[in-house]
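# Structural description and commentary
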Amino acid sequence: MSLPEATNFIEQIINEELESGKFESRGNELQVRFPPEPNGYLHIGHVKALCINNAAKEKYGAKLNLRMDDTNPAKEDYEYVNSIVEAVEWLGIKYDKLVFASDYYDKLYEIAEKYIIEGNAYVCDLSAEEITATRGTLTTPGVESPYRNRSVEENLKLFREMKAGVYPDGAKVLRAKIDMASPNINMRDPVIYRIAHVPHYRQGDKWCIYPMYDFAHPLEDAIEGVTHSLCSLEFENHRPLYDWVIQKAGFPAPVPRQIEFARLNITNTLMSKRYLKKLVDEGFVRGWDDPRMPTIMGLRNRGVPPKALKKFVSDVGVAKNYSVVDIAQLDECIRDELNAEAERAMAVLDPVKLTITNYEGEEELDFEINPTDGSGATRKIKFSGSVYIDREDFALVPPPKYKRLTKGANVRLKAAYIVRCDDVKLDENGRVEEIFCTYFPETRSGSEVKSDVKAKGVIHWVDAKYGRDVEFRQYRPLLKDEQYPDQDYAERLNADSERVFDGKCEPYVADGENDKPYQLMRTGYYKKCTDGAKTVLSEIVTLKSNFNK
RNA sequence: UGGGGUGUCGCCAAGCGGUAAGGCACGGGAUUUUGAUUCCCGCAUUCGUAGGUUCAAAUCCUGCCACCCCAGCCA
């Protein structure tokens, strides 16, 4: 067979295994899984794991299950499973099956009894505190539990009673019988089942004992037929236990293999469900899908295309180095995708009226929908000689190198004419109220006629007669405070993370199709731009309805 | 101080004994009806460090240093 070229260390491992014939017994069919716990919404960090697994599907034809790792009923809920499914589908990742760890509870219980019968597990009556105290430390071995050598019969009886609800929470646990002196603390007789009289969102009151991650996860993998269990670095220490659990359960080879990679970190970006949940619970944002959130649904609502996220993850690569990717790299991917795909539209956030004194009547102009896609496609826009421009695009006293409109100077109204500012009307506070210009008919956009009239800059505009009033919201993602990284993030949110503008836009933009991101054509909307010395990053302006749907 | 990992440009990251890919960021220039895009050009004599093996080392060996993870009845 011909193997795909490996682009990272995981694929290298897979190629080597394939070459060695490790999976011949299963027809070289591989299987992976994406196993979030449904206790929160997926964030951009999860996109990495998702894409790595998806790559195995695309490159090796591996099966990819979306598995809800729901073994802790206290934290999980349907709201989260729904949001996870929605996010995965929005990303355009096709999984083979949606499965639930909770569907394996019976099987898991069976295996636990097998452990007991074979002397690999015992019921322990020590309290949580006592277990901690007898676990030893990093440098000293633990002490064996006095209940470690109960008979199989007694263990079985006790475990069945645990299951039957005879004991209260915390009274007893089932522990794997491994090695209290292991230098790897995870191997010091880890708890594999605990009592929790908590109803499960899917199983209801059927169970009052629940399996722990270290027991459940490897078995879920083995039961499903997963060949490669990809997870993050912090589980490296668990791998010996992962292997032990599967081996003692007696699954035949080839058995699943856990491979760890570095999770995604982004500068200034909150990447912990715990903090994100706090922001939601304490009302700092409108919800998990608020456009300022680094969740997949938040990014979607901010107008970030799924392809941008995938490109980002692919650009960043997969390795085992602990790393923090500069958020500028994400910004670049978003810009890149928007530049390639987004339709261009004009809008004005802070409108100022501009009247062309020598223009009469009205006309339709051609506006290029996307100058970068090579299609040359245009749409018509109406022009009546009276428009709104952005307050920022006019300066009474222009800063150095200013390229936009100022008194006595020329500027091009995008897709229309070059105009010259003759006069300005100020209100009683000295604020610009209206701008009066003359236009140069021979400078009509696309005109064959050569004109001597030049303009340094191009600004956008919205026709005063045909434009629509619209509410814009501008977002910056919620950023961690660099100065106080350990402070309570929620207390230090960027107060400027959401700004609302009563602006104007072309009727085209507000015609009900605004669920797609437009690249609004103006400095700083969403693009990399240098405005004097100021670079605006990570901002996007969307119509209000963009995130309310 | 036990164990498990990782150290290649400001940030990611290739490299797997034959003489340092690429992306982001940054700097310079050209085109441009988005100060965008595009386009050139520049950006590690050096791979945590000290030795060793070799004709040849980021790649092999040894010592040292730094950082991360592990003592939940969370995942």
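Preceding block: the structure.
Because the structure is predicted, anything quoted here is derived from the model rather than measured.

### Focus: the overall build of chain A
Along the backbone of chain A there are 13 helices and 28 strands. Taken over 549 residues, chain A has a buried fraction of 52%. Taking contacts inside chain A between residues at least 6 apart in sequence as the whole, the part at least 24 apart equals 73%. For chain A, the computed accessible surface area is about 25000 Å², with 48% contributed by carbon and sulfur atoms.

### Topic: helix 7 (residues 213-224)
Taking 1.5 Å per residue, 12 residues should reach 16 Å; helix 7 reaches 16 Å between its end C-alpha atoms and fits that length. Among the 12 residues that make up helix 7, 10 are buried, leaving the element largely enclosed by the rest of the structure. Among all positions in helix 7, only Asp214, Phe215, Ala216, His217, Pro218, Leu219, Glu220, Asp221, Ala222 and Glu224 are buried. Of the residues one or two after helix 7, Gly225 is the one with positive phi, at around 90°.

### A look at the state of the cysteines
Covalent bonding between the sulfur atoms of two cysteines defines a disulfide. This model, assessed by the stated rule, comprises zero disulfides. The cysteine Cys124 is free of any disulfide, with Cys208 supplying the nearest cysteine sulfur at 18 Å. Looking at Cys208, the relative accessible area reads 9%, which means it is buried.

### Some words on the sheet that holds strand 20 (residues 432-439)
An order of 21-18-19-20-12-15-22 is seen for the seven strands of this open sheet, with the pairing classed as mixed. Of all strands in the sheet, those bounded by a partner on one side alone are strand 21 (458-459) and strand 22 (462-463). By the bridge criterion, two bridges tie strand 15 (residues 386-390) to strand 22 in an arrangement that is antiparallel. Paired with Tyr388 across the two strands is Val462, which belongs to strand 22.

### Quick word on the sheet that holds strand 7 (residues 209-211)
Reading across from one edge, 4-5-6-7 is the order of the four strands in this open sheet, with antiparallel pairing throughout. Looking along the sheet, the strands with just one partner apiece sit at the ends: strand 4 (121-124) and strand 7. Adjacent strand axes in the sheet meet at a mean angle of 20°, parallel and antiparallel pairs treated alike. Of the pairings in the sheet, the one linking strand 6 (residues 191-195) to strand 7 comprises three bridges and is antiparallel in character. Residue pairing across strands places Ile195 opposite Ile209, the latter belonging to strand 7.

### Structural notes on the pairing of strand 20
Burial runs high along strand 20: six of the eight residues are buried. One ladder, built from four bridges, connects strand 12 (residues 351-356) with strand 20; its direction is parallel. Paired with Lys353 across the strands is Glu434, a residue of strand 20. Inspection of the sheet shows strand 19 (residues 418-426) paired to strand 20 by seven bridges, in the antiparallel sense. Bridge pairing links Val419 to Tyr439 in strand 20. A loop of five residues connects strand 19 with strand 20, the two strands running antiparallel in sequence, and Gly430 in this loop sits at a positive phi of about 80°.

### Here's the deal with the nonpolar core
In terms of nonpolar packing, the biggest core is built from 62 residues, with Ile10, Ile44, Val47, Met68, Met293, Leu309 and Phe312 touching the most fellow members. Of the residues forming this core, the biggest block, eight residues, is contributed by helix 2 (residues 44-60). Setting aside residues up to four positions removed in sequence, Met68 forms contacts with Pro36, Pro38, Val81, Ile84, Val85, Leu98, Val99, Phe100, Ala101 and Tyr201. Core analysis: the second largest hydrophobic core is formed by 35 residues, Leu156, Ile209, Phe215 and Ala249 among them.

Cut-offs and rules
- Residues numbered from 1 in each chain as written.
- Chains lettered and ligands numbered in written order.
- Predicted model: local features only at pLDDT ≥ 70, side-chain atom pairs only at ≥ 80, totals over all residues.
- Heavy atoms only, no water.
- Helix = DSSP H or I, 4+ residues; strand = E, 2+ residues; numbered from the N terminus.
- Buried < 20%, exposed > 50% of the residue type's maximum accessible area, 1.4 Å probe, protein only.
- Contact = heavy atoms within 4.5 Å.
- Areas by Shrake-Rupley, 256 points an atom, 1.4 Å probe, with all protein chains shown as cover.
- Expected span 1.5 Å × (residues − 1).
- Disulfide = S-S within 2.5 Å.
- Pairing = 2+ DSSP bridges.
- Axes fitted to C-alpha atoms, helices over the stretch in contact; angles between N-to-C directions.
- Core = buried A, V, L, I, M, F, W, Y, C linked by side-chain atoms within 4.5 Å.

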